[in-house]
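Structural overview for review
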Amino acid sequence: MPALPADTAARVGIVMPCYNEAARLEVPRLLAALRPRPWLHLLLVDDGSTDGTAQVLQAAMDQAPPGQVSRLALPGNVGKGEAVRQGLVHLWDRGGFAALGFFDADLATPLEAVDDLLAALQQDPRREVALGARVRLLGRRVEREAGRHYGGRVLATLISVALGLPVYDSQCGAKLLRVTPGLPALLARPFASRWLFDVELLSRWMRAHAEGAWEQGLVEVPLQTWVEPGGSKVGLADALRAPLEVARIGWGHRR
Ligand SMILES: Nc1nc2c(ncn2[C@@H]2O[C@H](COP(=O)(O)OP(=O)(O)OP(=O)(O)O)[C@@H](O)[C@H]2O)c(=O)[nH]1
Ligand SMILES: [Mg+2]
């Protein structure tokens, strides 16, 4: 298993799904996070944006240190889950990474938080998945619109019941996976859900590991900062459909 970046050769690849993010994607913040982290590579995945996102992504590639930002352009819109999956597979195929993950383009989770997810994996070689978690602890800045917060807590409870796993926050858009021989199998098939693919990914990981390994292999990392920037693409229909999707994923998980 490749060493994690204490050794400069090892790199971390982050997929950033970008659908119509011309207004929200803050290129200077991306560059500020990348420059001090030469081991970090960002893959921007654009699946048919229509708002000028392509130009913003081009600017990010032009201004970034050489080789630290690349783009995967998919012909048509496939949804967040599939964009992330194809991005992870693309980086896996490219090779040379010790860990692969994904972060939202709205930078609700600052890209700098990759340090905390990485540190959590480095602390214990048995750990394979680090999940960012939005926990409003004193001394941390977690700002979320109240309705989404409480709705999110209800959904999180349903998700932990569906998976039979005491996961606090599976839906935070920031995750990091250690590169292991088993990773491609988790990404081999498209996810059924556009938004709840994180739950399917967790379910696939759990089904590929003995129950005793679950709480050693998975770690939640309370984020120092998570600020909802608005402009969410999650529609009301997506939110209303979510409990049903969780039930369906739970059923498949237990089958
Ligand atoms: N490539 C791609 N990215 C998408 C799509 N839908 C959403 N995204 C990206 O997914 C990320 C999260 O989207 P948001 O609109 O911020 O959704 P959210 O309200 O934060 O919801 P969560 O992702 O559940 O936290 C952003 O980077 C979006 O650009 C899509 O269809 N294709
Ligand atoms: Mg968001």
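Above this text sits the structure in question.
These notes cover the structure that comes with them. (Residues numbered from 1 in each chain as written. Chains lettered and ligands numbered in written order. Predicted model: local features only at pLDDT ≥ 70, side-chain atom pairs only at ≥ 80, totals over all residues. Heavy atoms only, no water.)

Across its full length, the chain holds 9 helices and 9 strands. For 255 residues, the compact-globule formula gives about 18 Å, and the C-alpha radius of gyration of the chain, at 17 Å, lands near that figure. Considering only C-alpha atoms, the chain reaches an extent of 45 × 40 × 40 Å along its principal axes. Among the 255 residues that make up the chain, the fraction classed as buried is 51%. A separation of at least 24 residues holds for 82% of the contacts in the chain among residues at least 6 apart in sequence. When the accessible surface of the chain is split by element, carbon and sulfur atoms take 57% of a total near 11600 Å². Of the charged side chains in the chain, 29 are positive and 27 negative, and the gap between their average positions amounts to 3 Å. (Helix = DSSP H or I, 4+ residues; strand = E, 2+ residues; numbered from the N terminus. Rg over C-alpha atoms; globule rule 2.2 N^0.38 Å. Buried < 20%, exposed > 50% of the residue type's maximum accessible area, 1.4 Å probe, protein only. Contact = heavy atoms within 4.5 Å. Areas by Shrake-Rupley, 256 points an atom, 1.4 Å probe, with all protein chains shown as cover. Lys, Arg positive; Asp, Glu negative; His and termini not counted. Charge placed at Lys NZ, Arg CZ, Asp CG, Glu CD.)

Let's shift gears to helix α1 (residues 27-34). For α1, the set of buried residues is Val 27, Leu 30, Leu 31, Ala 33 and Leu 34. Viewed along the axis of α1, the buried residues span an arc of 160°, placing them on a single side of the element. Buried residues in α1 make contact with β1 (11-17), β2 (40-47), α2 (53-63) and β3 (69-74). (Arc of directions from axis to C-beta.)

Moving on to unusual backbone geometry. With phi around 50°, Asn 20 is a residue other than glycine that occupies positive phi space. Within the secondary structure, Asn 20 sits in the loop between β1 and α1. Under the relative-accessibility criterion, Asn 20 is labelled partly exposed at 23%. Within the chain, Leu 107 stands out as a residue other than glycine whose phi angle is a positive 50°. Locating Leu 107 in the fold gives a position in the loop between β4 (97-102) and α4 (114-123). Classification of Leu 107 as buried rests on a relative accessible area of 4%.

With that settled, the discussion passes to the packing of aromatic side chains. Applying the stated criterion across every chain yields a total of 2 aromatic pairs. Each ring, one from Phe 102 and one from Phe 197, has its centre 5.5 Å from the other, and the planes form 45°; the classification is tilted. Of this pair, Phe 102 sits in strand β4 while Phe 197 sits in helix α7 (residues 197-207), placing them 95 residues apart in sequence. Both residues of the pair, Phe 102 and Phe 197, belong to the buried class. According to the relative accessible area criterion, Phe 197 is buried, its value standing at 1%. Taking NZ or CZ as reference, Arg 134 lies 4.9 Å from the ring centre of Trp 226, over its face. (Phe/Tyr/Trp six-rings, centres within 6.5 Å; stacked < 30°, edge-to-face > 60°. Lys NZ or Arg CZ within 6 Å of the ring centre and 35° of its normal.)

Right, let's talk about the nonpolar core for a bit. Of all hydrophobic cores here, the largest spans 40 residues; its most connected members are Val 12, Ile 14, Met 16, Leu 42, Phe 103 and Leu 111. Broken down by secondary-structure element, the contributors of at least two residues to this core are β1, α1, β2, α2, α4 and β8 (218-222). (Core = buried A, V, L, I, M, F, W, Y, C linked by side-chain atoms within 4.5 Å.)

Another point: the site of ligand 1. In the vicinity of ligand 1 there are 21 residues, among which Glu 21, Asp 47, Arg 148, Ser 232 and Lys 233 approach most closely. Here an oxygen atom of ligand 1 sits 2.7 Å away from a polar atom, N or O, in the main chain of Pro 17. Separating an oxygen atom of ligand 1 from a backbone N or O atom of Tyr 19 is a distance of 3.1 Å. Burial of ligand 1 by the surrounding chains reaches 95%, relative to a free accessible area of 630 Å². If you list the elements that add at least two residues to the shell around ligand 1, you get β2 and α3 (80-94). (Near = heavy atom within 4 Å. Polar contact = N/O pair within 3.5 Å; in protein donor to acceptor, adjacent residues only side chain to side chain.)

With that settled, consider the packing of helix α5 (residues 146-163) against helix α9 (residues 236-254). The N-to-C vectors of α5 and α9 enclose an angle of 15°; their axes lie 8 Å apart at closest approach. Classed by the angle they form, the pair α5 and α9 counts as roughly parallel. The handedness of the crossing between α5 and α9 is right-handed. Residues Leu 155, Leu 158, Ile 159, Val 161, Ala 162 and Leu 163 of α5 lie in contact with α9, whose contacting residues are Ala 242, Pro 243, Val 246, Gly 250, His 253 and Arg 254. Considering only residue class, the contact of α5 with α9 consists of 9 nonpolar, 2 polar and 1 charged. (Axes fitted to C-alpha atoms, helices over the stretch in contact; angles between N-to-C directions. Parallel < 35°, antiparallel > 145°, perpendicular 65-115°, else oblique. Left-handed = near helix turned anticlockwise from the far one by under 90°. Nonpolar A, V, L, I, M, F, W, Y, C, P; charged D, E, K, R; others polar.)

Let's shift gears to the environment of Val 69. In this fold, Val 69 is placed in strand β3. It is 5.8 Å that separates the C-alpha atoms of Val 69 and His 41, two residues lying 28 residues apart in sequence. Setting aside residues no more than four positions away along its own chain, Val 69 makes contact with Leu 34, His 41, Leu 42, Leu 44, Ala 60, Met 61 and Ala 64.

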